[in-house]
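One letter stands for each residue in the lines below.
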Amino acid sequence: MAVTDCIFCRIAEGTIPAGKLYEDDLVVAFHDIHPAAPVHILVIPKAHVSSLASVDSGHEPLLGRLLAVGARLAKEQGCSDGFRTIVNTGRVGRQEVYHLHVHFLGGPEVLPPMLKH
Ligand code: AMP
Ligand code: ZN
């Protein structure tokens, strides 16, 4: 069920516009509004799930779909030589939007190191 003040629920249900790339029974994919790389795709569940920390075994088919769809789209969008997949989770993970989403980042150039020390 949609959470009314959740921006990604609203994108999933179509009441807020987004650069949608793909949609099926479980997931929606769209361009990140502030891309951190030439290709920056977000893949989200249609149903509200607040974060990766709140999934259970019943979410396993959904989690597989999120990764498989994002990988296919990243390649279609030009990430032919690899990409980075990120799931920020909770306060420590600096999650900003509390609706589960998987980032797919890439482009023609090699990405910077994953974490700065
Ligand atoms: P995170 O820190 O993993 O929670 O990242 C949230 C991401 O959502 C950020 O990269 C934002 O740029 C992105 N974002 C926030 N609002 C929108 C929106 N309306 N459409 C597309 N991407 C968004
Ligand atoms: Zn939501």
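Nothing here was measured: the structure is a model prediction, and the numbers come from that model. (Residues numbered from 1 in each chain as written. Chains lettered and ligands numbered in written order. Predicted model: local features only at pLDDT ≥ 70, side-chain atom pairs only at ≥ 80, totals over all residues. Heavy atoms only, no water.)

1. Digging into the site of ligand 1
- Not every one of the 16 residues close to ligand 1 is listed here, only the nearest: Asp32, Glu96, Val97, His101 and His103.
- A distance of 2.8 Å separates an oxygen atom of ligand 1 from a polar side-chain atom of His103.
- Taking 510 Å² as the accessible area of ligand 1 by itself, protein coverage stands at 87%.
- Taking a 2 Å distance to the grid points as the criterion, the majority of the atoms of ligand 1 fall inside the largest pocket.
- With 3 residues, the single largest contributor to the shell around ligand 1 is helix H1 (residues 7-13).
- Per-class residue counts for the shell around ligand 1 are 7 nonpolar, 6 polar and 3 charged. (Near = heavy atom within 4 Å. Polar contact = N/O pair within 3.5 Å; in protein donor to acceptor, adjacent residues only side chain to side chain. Areas by Shrake-Rupley, 256 points an atom, 1.4 Å probe, with all protein chains shown as cover. 1 Å grid on protein atoms, 1.4 Å probe; cavity = no way out; pocket = protein on both sides within 12 Å on 5 of 7 lines; lining within 4 Å. Sits in = over half its atoms within 2 Å of the grid points. Helix = DSSP H or I, 4+ residues; strand = E, 2+ residues; numbered from the N terminus. Nonpolar A, V, L, I, M, F, W, Y, C, P; charged D, E, K, R; others polar.)

2. Re the pattern of salt bridges
- Evaluated as defined, the whole model comprises 5 salt bridges.
- Ionic pairing is found between Lys20 and Glu23, a salt bridge with its closest N-O pair at 3.7 Å.
- For Arg65, the salt bridge identified is with Asp25, shortest N-O distance 2.8 Å. Of the two residues, Arg65 sits in helix H2 (residues 60-76) while Asp25 sits in the loop between strand S1 (20-23) and strand S2 (27-31), which places them 40 residues apart along the sequence.
- Residue class for Arg65 comes out partly exposed when judged on its relative accessible area of 26%.
- Each of Lys20, Glu23 and Lys46 takes part in one network of salt bridges that share partners. (Salt bridge = Lys/Arg side-chain N within 4 Å of Asp/Glu carboxyl O. Buried < 20%, exposed > 50% of the residue type's maximum accessible area, 1.4 Å probe, protein only.)

Read these as geometric descriptors, not functional statements.
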